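Inside the fold
Here is what each chain is made of, one letter per residue.
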Amino acid sequence: MAKSLNSLVLVSLLTLIIAPICFSMSTQGGPLYPQFYKHSCPNVEKIIWSVVAKAVAKERRMAASLLRLHFHDCFVKGCDGGVLLDSSGTLISEKRSNPNRNSARGFEVIDEIKAAVEKECPETVSCADILAITARDATVITGGPSWEVPLGRRDTRDASLSGSNYNIPAPNNTFQTIHTKFKLKGLDLVDFVALSGSHTIGDARCTSFRQRLYNQSGNGQPDNTLDQAYAAQLRTRCPQSGGDQTLFVLDPATPLKFDNSYYKNLLAYKGLLNSDQILVTKNDDALKLVKQYAENNDLFFQHFAQSMVKMGNIAPMTGSRGEIRKICRRVNH
Ligand code: HEM
Ligand SMILES: *[C@@H]1O[C@H](CO)[C@@H](O)[C@H](O)[C@H]1NC(C)=O
Ligand SMILES: *[C@@H]1O[C@H](CO)[C@@H](O)[C@H](O)[C@H]1NC(C)=O
């Protein structure tokens, strides 16, 4: 009697515990995992790598541009391919936002990847997953670390212009503001400092850092945490007015190579963006990490890979939510 009562209690308890898990798995899906396309599209990573390799061989900067797209996707309502949507009907594209306008690029490469993947595995691989794999490949191709990319994201049917403006950090945000924007996405100080290391490759426009060269705090003076010779050199191609779109390498030491020289630059007060330099001037814990990464490339690579996986896990749509877009620029009908 006691025994059967016990097992009844046990079965009831298990039902109470397992049923909600099953329910949530079927609606929201389980966690992401690297083998997601093992049976449905076994060659997906090979296909993506070949298109990324071709695009980067054609233009080195493309690696940086592709890496950044994943970041601008994940920070806006999660890694859901939202950044890729063009405006259509009532949908307003995130490509118009302050961080993206005249800046985010690489969309044609994503189109080419999607077409190649659709050819082999129609309506199977999400645009959000393509961005995640592409970001990893872009890192590896430029000499950075590799990692297994958890997969199984689905694509949103919506974009968020306001989210893109609000959630993506701006180069003139304060340390606190950027730290808060990371925390809002479940990312900590290590993620903030390690992921900023992406600025070891790629370019920024004059307009993104001009304030530092001429009028940092509204007193007509340059940023006094910017190396003077470097500032003088930047001013020659980034005048007080005009030339907004002129490009400058984010890491003047090794602009095309993914390495820890970004952190060495910061310690020499040669960070290009204000958001770069504040990693050594505003917070002791951030400074400590910058010093560690500047001294230890392996540690930087290890933390970068871990933080990329964390960033890639921001609020994915899984299970039956969202859709698998056929074309990354627009939702399915
Ligand atoms: C920490 C806060 C961050 C801020 C304030 C920031 C801001 C910026 C800005 C202003 C630019 C130059 C845009 C332009 O002038 O057109 C840029 C470029 C870039 N960012 Fe960030 N970023 C941040 C974090 C990240 C993260 C987390 C990643 C990737 C994981 C990333 C990857 C890149 C890359 C690769 C480029 C160069 C893109 C290209 O050459 O096309 N950034 N960022
Ligand atoms: C940051 O830059 C934006 C765009 O240029 C500008 O509107 C804003 O006033 C700046 N904020 C600060 C605190 O300088
Ligand atoms: C610097 O910025 C302040 C505040 O925005 C402005 O009042 C001032 O005229 C600017 N000075 C110069 C030299 O541009």
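Residues numbered from 1 in each chain as written. Chains lettered and ligands numbered in written order. Predicted model: local features only at pLDDT ≥ 70, side-chain atom pairs only at ≥ 80, totals over all residues. Heavy atoms only, no water.

1. Concerning the overall build of the protein
- Broken down by element type, the protein carries 14 helices and two strands.
- Taking 20 Å as the expected radius of gyration for a compact globule of 333 residues, we find that the protein reaches 22 Å, a close match to that expectation.
- Seen through its principal axes, the protein has C-alpha atoms that stretch 85 × 50 × 40 Å.
- Per-residue burial over the protein gives 50% buried out of 333 residues.
- Nonlocal contacts in the protein, meaning residues at least 24 apart in sequence, comprise 76% of its contacts between residues at least 6 apart.
- With the model as given, the accessible surface of the protein reaches about 15900 Å², and the carbon-plus-sulfur share is 55%. (Helix = DSSP H or I, 4+ residues; strand = E, 2+ residues; numbered from the N terminus. Rg over C-alpha atoms; globule rule 2.2 N^0.38 Å. Buried < 20%, exposed > 50% of the residue type's maximum accessible area, 1.4 Å probe, protein only. Contact = heavy atoms within 4.5 Å. Areas by Shrake-Rupley, 256 points an atom, 1.4 Å probe, with all protein chains shown as cover.)

2. Concerning the packing of helix α2 (residues 44–58) against helix α4 (residues 107–120)
- Running from N to C, α2 and α4 point in directions that differ by 150 degrees, and their axes come no closer than 10 Å. Classified by the angle their axes make, α2 and α4 are roughly antiparallel. α4 is crossed by α2, and the crossing has right-handed handedness. Packed against α2, whose contacting residues are Val44, Ile47, Ile48, Val51, Val52, Lys54 and Ala55, the element α4 presents Val109, Glu112, Ile113, Ala116, Val117 and Glu120 at the interface. (Axes fitted to C-alpha atoms, helices over the stretch in contact; angles between N-to-C directions. Parallel < 35°, antiparallel > 145°, perpendicular 65-115°, else oblique. Left-handed = near helix turned anticlockwise from the far one by under 90°.)

3. Focus: the domain arrangement of the protein
- Taken domain by domain, the protein comprises domain 1 (44–168) and domain 2 (175–311).
- Centre-to-centre, using C-alpha coordinates, domain 1 lies 23 Å away from domain 2.
- At the interface, 27 residues of domain 1 touch 20 residues of domain 2.
- Buried surface at the junction of domain 1 and domain 2, summed over both partners, amounts to about 2000 Å²; 69% is from carbon and sulfur atoms. (Domains from an automatic or database assignment. Buried area = accessible area lost by both parts, 1.4 Å probe.)

4. Focus on the coordination of the iron atom of ligand 1
- The sole protein-derived ligand of the iron atom of ligand 1 is His199 (NE2), positioned 2.1 Å away.
- Relative to the helices and strands, His199 is located in the loop between α8 (189–196) and β1 (203–205). (Donors = N, O, S within 2.8 Å, 3.2 Å for Na, K, Ca; no water.)

5. A closer look at the pattern of salt bridges
- Following the criterion strictly, the structure yields 16 salt bridges and no others.
- A salt bridge links Glu59 to Arg105, with the nearest nitrogen and oxygen atoms 2.9 Å apart. Within this pair, whereas Glu59 is found in the loop between α2 and α3 (62–74), its partner Arg105 is found in the loop between α3 and α4, the two being separated by 46 residues in sequence.
- The class of Arg105 is partly exposed, set by a relative accessible area of 24%. (Salt bridge = Lys/Arg side-chain N within 4 Å of Asp/Glu carboxyl O.)

6. Looking at the nonpolar core
- Core analysis: the largest hydrophobic core is formed by 71 residues, its most contacted members being Leu84, Ile110, Ile113, Val193 and Tyr263.
- Here this core spans two domains, since at least three of its residues come from each of domain 1 (44–168) and domain 2 (175–311).
- Val193 has contacts with Tyr263, Leu279, Ala286, Leu289, Val290 and Tyr293, leaving out every residue within four places of it along the chain. (Core = buried A, V, L, I, M, F, W, Y, C linked by side-chain atoms within 4.5 Å.)

7. Here we look at the side chain of Gln216
- Residue placement: Gln216 occurs in the loop between α9 (210–214) and α10 (228–237).
- In this structure the side chain of Gln216 is engaged in a polar contact, spanning 3.4 Å, whose partner is the side chain of Asp223.
- Once residues lying within four places of it in the same chain are set aside, the contact partners of Gln216 are Gln211, Gln221, Pro222, Asp223 and Asn274. (Polar contact = N/O pair within 3.5 Å; in protein donor to acceptor, adjacent residues only side chain to side chain.)

8. With respect to the packing of aromatic side chains
- Within this structure, the stated rule accounts for 17 aromatic pairs.
- Their ring planes at 65 degrees and their centres at 5.5 Å tell us that Tyr33 and Phe36 sit as a pair that is edge-to-face.
- Accessibility expressed as a relative area gives 40% for Tyr33, which makes it partly exposed.
- Between Phe36 and Tyr37, the aromatic rings sit 4.9 Å apart at their centres with planes inclined by 85 degrees, giving edge-to-face as the arrangement.
- We classify Phe36 as partly exposed; its relative accessible area is 34%.
- A network of ring pairs unites the aromatic residues Trp147, Phe258, Tyr262, Tyr263, Tyr293, Phe300, Phe301 and Phe304 as a single cluster.
- Sitting over the face of the ring of Phe107, Lys95 holds its NZ or CZ atom 4.1 Å from the ring centroid. (Phe/Tyr/Trp six-rings, centres within 6.5 Å; stacked < 30°, edge-to-face > 60°. Lys NZ or Arg CZ within 6 Å of the ring centre and 35° of its normal.)

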